[in-house]
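# Structure assessment
Below are the chains, spelled out letter by letter.
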Amino acid sequence: DAGVTQSPTHLIKTRGQQVTLRCSPKSGHDTVSWYQQALGQGPQFIFQYYEEEERQRGNFPDRFSGHQFPNYSSELNVNALLLGDSALYLCASSLAGAMGNEKLFFGSGTQLSVL
Amino acid sequence: GQQVMQIPQYQHVQEGEDFTTYCNSSTTLSNIQWYKQRPGGHPVFLIQLVKSGEVKKQKRLTFQFGEAKKNSSLHITATQTTDVGTYFCAGQKSSGSARQLTFGSGTQLTVLP
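These lines cover the structure that appears in this document, whether it is placed above or below. Each chain has its residues counted from 1, following the order in which its sequence is written. The order in which chains are written sets their letters, starting at A; the order in which ligands are written sets their numbers, starting at 1. For a predicted model such as this one, the threshold for reporting local features is a pLDDT of at least 70, and the threshold for listing and counting side-chain atom pairs is 80 or more; totals across whole chains, interfaces and linings nevertheless cover every residue. Each side-chain value is derived from all of the structure's non-hydrogen atoms; neither hydrogens nor water enter the calculation.

From N to C terminus, chain B includes zero helices and 11 strands. A radius of gyration in this sense is built from C-alpha atoms; the matching globule rule multiplies 2.2 Å by the number of residues raised to 0.38. Compactness check: chain B gives a C-alpha radius of gyration of 14 Å against a globular reference of 13 Å for 113 residues, within 12% of the reference. Contacts spanning at least 24 positions in sequence make up 55% of the contacts within chain B whose residues lie at least 6 apart. The positive charge centre, built from 11 side chains, and the negative charge centre, built from 6, are 13 Å apart in chain B. Helix and strand definitions follow DSSP, with helices as H or I runs of at least four residues and strands as E runs of at least two, each counted in order from the N terminus. We call two residues in contact when some of their heavy atoms are within 4.5 Å. When charges are counted, neither His nor the chain ends are considered; positive counts come from Lys and Arg and negative counts from Asp and Glu. Charged groups are reduced to one reference atom each: NZ for lysine, CZ for arginine, CG for aspartic acid, CD for glutamic acid.

Moving on, we get to the sheet that holds strand 8 (residues 71–76) of chain B. All names here are of chain B. By the convention used here, strands pair only if DSSP detects at least 2 bridges between them. With respect to topology, five strands assemble into an open sheet ordered 1-3-8-7-6, the strand pairing being antiparallel. Taken across any chain shown, the strands that pair with only one partner, and hence form the sheet edges, are strand 1 (4–7) and strand 6 (55–58). In this sheet, neighbouring strand axes are inclined to one another by 15° on average, regardless of whether the strands run parallel or antiparallel. Note that strand 3 (residues 19–25) and strand 8 share six bridges and pair antiparallel. Residue pairing across strands places N24 opposite N71, the latter belonging to strand 8. Axis angles are defined between N-to-C directions and span 0 to 180 degrees, where every axis is a line fitted to C-alpha atoms and, for a helix, only to the segment in contact.

Aromatic rings from Phe, Tyr and Trp, with only the six-membered ring used for Trp, were paired whenever their centres fell within 6.5 Å, and each pair was classed as stacked if the ring planes differed by under 30 degrees, edge-to-face if by over 60, and tilted otherwise. Within this structure, the stated rule accounts for 12 aromatic pairs over all chains. The interplanar angle of 75° and the centroid separation of 6.0 Å between the aromatic rings of F106(A) and F103(B) together place this pair among those described as edge-to-face. A residue pair is termed interchain when its members come from two chains, as with F106(A) in strand 10 (residues 105–106) and F103(B) in strand 10 (residues 102–103). When the centroid spacing of 6.3 Å and the interplanar angle of 75° are considered together, the rings of F88(B) and F103(B) count as edge-to-face. In this pair, F88(B) sits in strand 9 (residues 85–93) while F103(B) sits in strand 10, placing the two residues 15 residues apart along the sequence.

Moving on, we come to the side chain of D83(B). Along the polypeptide, D83(B) turns up in the loop between strand 8 and strand 9. Within polar-contact distance, the side chain of D83(B) engages the side chain of R60(B) at 2.9 Å. In protein, a polar contact requires one atom able to donate a hydrogen and another able to accept it; more generally it is a pair of N or O atoms within 3.5 Å, and residues adjacent in sequence count only if both atoms are side-chain atoms.

The next point concerns the interface of chain B and chain A. Counting residues at the interface gives 19 residues for chain B and 23 residues for chain A. Summed over both partners, the accessible surface that disappears when two parts come together, traced with a 1.4 Å probe, is what is meant by buried area. With both chains or domains summed, chain B and chain A bury close to 1,700 Å², and 48% of this area falls on carbon and sulfur atoms. The term salt bridge refers to a pairing of a side-chain nitrogen on Lys or Arg with a carboxyl oxygen on Asp or Glu at a separation within 4 Å. Put simply, chain B and chain A have zero salt bridges between them. Run the count over chain B and chain A and you get three residue pairs in polar contact (both at pLDDT 80 or more). Secondary structure elements with two or more residues in the side of chain B that touches chain A: strand 4 (29–37), strand 5 (44–49) and strand 9 of chain B. Here the element with the most residues in the side of chain B that touches chain A is strand 4 of chain B; it accounts for four residues.

Moving on, we come to the pattern of salt bridges. Residue and element names in this part refer to chain A. Counted under the stated rule, the structure contains five salt bridges over all chains. A salt bridge links R22 to E75; the nearest nitrogen and oxygen atoms lie 3.4 Å apart. Residue R22 is located in strand 3 (residues 19–24), and its partner E75 is located in strand 8 (residues 74–78); the two are separated by 53 residues in the primary sequence. Taking the shortest distance from any N to any O, the salt bridge between D85 and R63 comes out at 2.9 Å. Taken as a pair, D85 in the loop between strand 8 and strand 9 (87–94) and R63 in the loop between strand 6 (53–57) and strand 7 (64–68) lie far apart in primary sequence, 22 residues in all. R63 shares its class with D85; the two are buried. Relative accessibility thresholds used throughout: buried, under 20% of the residue-type maximum; exposed, over 50%; partly exposed, between the two (1.4 Å probe, protein chains only).

The subject of this paragraph is the sheet that holds strand 1 (residues 5–7) of chain A. Residues and elements named next belong to chain A. Taking strand neighbours across the sheet as the criterion, the four strands line up as 1-3-8-7 in an open arrangement whose pairing is antiparallel. Two strands close off the open sheet at either side, each with one partner strand: strand 1 and strand 7. The mean inter-strand angle of the sheet, taken between neighbouring strand axes irrespective of direction, is 20°. When strand 3 meets strand 8, the two strands line up antiparallel, connected through five bridges. Bridging across to strand 8, V19 finds its partner in V78.

Looking now at unusual backbone geometry. The peptide bond linking S7(A) to P8(A) adopts the cis configuration, its omega dihedral lying at -10°. When you line up the elements, P8(A) lands in the loop between strand 1 and strand 2 (10–13). Omega for the bond connecting I7(B) with P8(B) falls within 30 degrees of zero, at -5°, which places this linkage in the cis form. Note on placement: P8(B) falls in the loop between strand 1 and strand 2 (10–14). One non-glycine residue with positive phi stands out, namely E51(A), at about 50°. In this structure, E51(A) sits in the loop between strand 5 (44–50) and strand 6. The class for E51(A) is exposed, based on a relative accessible area of 57%.

Here it is, written out as structure tokens:
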């Protein structure tokens, strides 16, 4: 039973570039959430995708966008990269629950460095 | 917006000593979850608390949810070196349709052998 997989594991970009991160959820899960974790901080919610639509969004600019595919996998796109976008990007999958109290299964993350 | 605060930020203990981390939310929560992140790793789900005043135990770990559903704590009895890592609480709001989890800043635990 495969867990949450993310690619790539590491990425180095320069300011102004664009990046795409990928995530495959745990088998049987239909919901994907993306988090940004700066060094020494807790994960910050970017957005959540369910049924191929963005269902919830955190306090991130429009430079951050995403997509969910019919097989539930997801992509996170960041345009016009800033130095401050350097962080660990975590994907978490879950099974949509009626009360919204689903637990998250995290991938190992993509470490993005912006130079 | 919703804020979740955790204290302390860092804790160093001698192996065998107890450890407690506290979590406080600015808003009433529908539930609170706890995660552990080992150095260089990713957060791993530990437990979820839903009911007011709920207490749950996992071996040496005891989790509590406050009566007002705005605070929580994690207590580890007789710490071991395997307990090293950062412990995060994550709260989900009671109101509206928000499904996002808001994470605290975490408590980084170091256990000295």
